[in-house]
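These are the residues of each chain, in order.
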Amino acid sequence: MVDNNTKINCPDCNEEIIINTKQLLLGVKFSCFNCNLVVGLANESKSVVSDAMNQFSKIKS
Ligand SMILES: [Zn+2]
């Protein structure tokens, strides 16, 4: 089974947020435990998400 967990930095407070990329693509949202900023696919955090996906594929390969 593939581990889809990855970390991104919160765009607001720069705290690390652990996200599951597979769930993210399914529309699940993750929130920053520090400032409660919600990271999901459907909004302005899309660039953050694609960054995370890029990093993830780099790690994978
Ligand atoms: Zn935050």
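Residues numbered from 1 in each chain as written. Predicted model: local features only at pLDDT ≥ 70, side-chain atom pairs only at ≥ 80, totals over all residues. Heavy atoms only, no water.

A. Broad picture of the side chain of threonine 6. As for its position among the elements, threonine 6 is in strand β1 (residues 5-9). Taking the relative accessible area as the measure of exposure, threonine 6 reaches 8% and is therefore buried. Once you skip the residues sitting within four places of it in the chain, threonine 6 turns out to touch Ile17, Ile18, Ile19, Thr21, Ala52 and Phe56. (Helix = DSSP H or I, 4+ residues; strand = E, 2+ residues; numbered from the N terminus. Buried < 20%, exposed > 50% of the residue type's maximum accessible area, 1.4 Å probe, protein only. Contact = heavy atoms within 4.5 Å.)

B. A look at the coordination of the zinc ion. Only Cys10 (SG), Cys13 (SG), Cys32 (SG) and Cys35 (SG) from the protein reach the zinc ion as donors, at distances of 2.2 to 2.3 Å. Classification of the site at the zinc ion as tetrahedral follows from its 4 donor atoms and the range of 104 to 118° in their angles at the metal. For the zinc ion, the donor residues sit on a single chain with the sequence spacing C-x2-C-x18-C-x2-C. Taken together, the positions of cysteine 10 in the loop between β1 and β2 (16-20) and cysteine 32 in the loop between β3 (30-31) and β4 (38-39) put the pair 22 residues apart, joining distant regions of the chain. A relative accessible area of 2% places cysteine 10 in the buried class. Here cysteine 32 falls in the buried class, since its relative accessible area comes to 1%. (Donors = N, O, S within 2.8 Å, 3.2 Å for Na, K, Ca; no water. Tetrahedral: all angles 85-135°; square planar, octahedral: opposite > 155°, others 65-115°.)

C. Layout of unusual backbone geometry. Even without being glycine, asparagine 14 reaches a positive phi, approximately 70°. Following the sequence through the fold, asparagine 14 ends up in the loop between β1 and β2. Given a relative accessible area of 53%, asparagine 14 falls into the exposed group. Although it is not a glycine, asparagine 36 sits at a positive phi angle of roughly 70°.

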